[in-house]
Amino acid sequence: MKQNTYAKMLYPSPIGTLSLVADEQYLYGIWVQDQTHFERGLGDETIEEVASHHVLEQVISYLDTYFEGSVQDLSDLPLAPIGTDFEKRVWAYLQSIPYGQTVTYGQIAQDLQVASAQAIGGAVGRNPWSILVPCHRVLGSGNRLTGYASGVEKKAWLLQHEGAAFQENKK
């Protein structure tokens, strides 16, 4: 295998086209086209669009099931070992939030014994695995719908899809 070549497949989802990127071993990210931090961390490495890929097909199977409204165990998905130690702690926490449930940034800060909910928010916002590592299940205080890298309306769609309770922000 050539060094630093990533495979990419596009996945048409109800919240927009998703870009799925992996190498031979790991899933590097799932990004909504044009979101903040799109394909962050991949630098100028070679990314080739492919028709099939063993890691990405596993991810597509999960996404199909998710958008049909079912839950799957993702513990066997090989997520790339990227991010700072702090980000990894936050992302591991996100993976433990059950389907259809939500937590607040403040709750994560408390559980991880981190002084700043804003630091948590920053790490949540840099999560490279949209939907798979469910950063959309994190809400502001009072269960208010707050930031999402690909737009709050997409976050609302995902939470409604899962039947989760949240407060819409009043304009």
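Before reading on, note that the structure itself is shown above.
So, how was this worked out
- Residues numbered from 1 in each chain as written.
- Predicted model: local features only at pLDDT ≥ 70, side-chain atom pairs only at ≥ 80, totals over all residues.
- Heavy atoms only, no water.
- Axes fitted to C-alpha atoms, helices over the stretch in contact; angles between N-to-C directions.
- Helix = DSSP H or I, 4+ residues; strand = E, 2+ residues; numbered from the N terminus.
- Parallel < 35°, antiparallel > 145°, perpendicular 65-115°, else oblique.
- Contact = heavy atoms within 4.5 Å.
- Nonpolar A, V, L, I, M, F, W, Y, C, P; charged D, E, K, R; others polar.
- Salt bridge = Lys/Arg side-chain N within 4 Å of Asp/Glu carboxyl O.
- Phe/Tyr/Trp six-rings, centres within 6.5 Å; stacked < 30°, edge-to-face > 60°.
- Buried < 20%, exposed > 50% of the residue type's maximum accessible area, 1.4 Å probe, protein only.

Our focus in this paragraph is the packing of helix 2 (residues 85-95) against helix 4 (residues 117-125). Interaxial distance between helix 2 and helix 4 falls to 9 Å at its minimum, and their mutual angle equals 80°. As judged from the angle between their axes, helix 2 and helix 4 are roughly perpendicular. Between helix 2, through Phe-86, Glu-87, Val-90, Trp-91 and Leu-94, and helix 4, the contact on the second element is made entirely by Ala-119, Ile-120, Ala-123 and Val-124. Residues that form the contact of helix 2 with helix 4 fall into these classes: eight nonpolar, no polar and one charged.

The final tally for this structure, using the stated rule, is four salt bridges. A salt bridge links Arg-126 to Glu-87, with the nearest nitrogen and oxygen atoms 2.6 Å apart. With a gap of 39 residues between them, Arg-126 in the loop between helix 4 and strand 6 (138-139) and Glu-87 in helix 2 connect regions that are remote in the sequence. With a shortest N-O distance of 2.8 Å, Glu-162 and Arg-137 are connected by a salt bridge. Within this pair, whereas Glu-162 is found in helix 5 (residues 152-162), its partner Arg-137 is found in the loop between helix 4 and strand 6, the two being separated by 25 residues in sequence.

In this section: the packing of aromatic side chains. A full pass over the atoms with the stated rule returns eight aromatic pairs. Measuring from centroid to centroid gives 4.9 Å for Tyr-6 and Tyr-28, while their planes differ by 75°, and the two rings are edge-to-face. Of this pair, Tyr-6 sits in strand 1 (residues 5-13) while Tyr-28 sits in strand 3 (residues 27-32), placing them 22 residues apart in sequence. Looking at Tyr-6, the relative accessible area reads 8%, which means it is buried. Looking at Tyr-28, the relative accessible area reads 13%, which means it is buried. Ring geometry for Tyr-66 and Tyr-99: centres 5.9 Å apart, planes at 75°, overall edge-to-face. Of this pair, Tyr-66 sits in helix 1 (residues 54-67) while Tyr-99 sits in the loop between helix 2 and strand 5 (103-104), and the two are 33 residues apart along the sequence.

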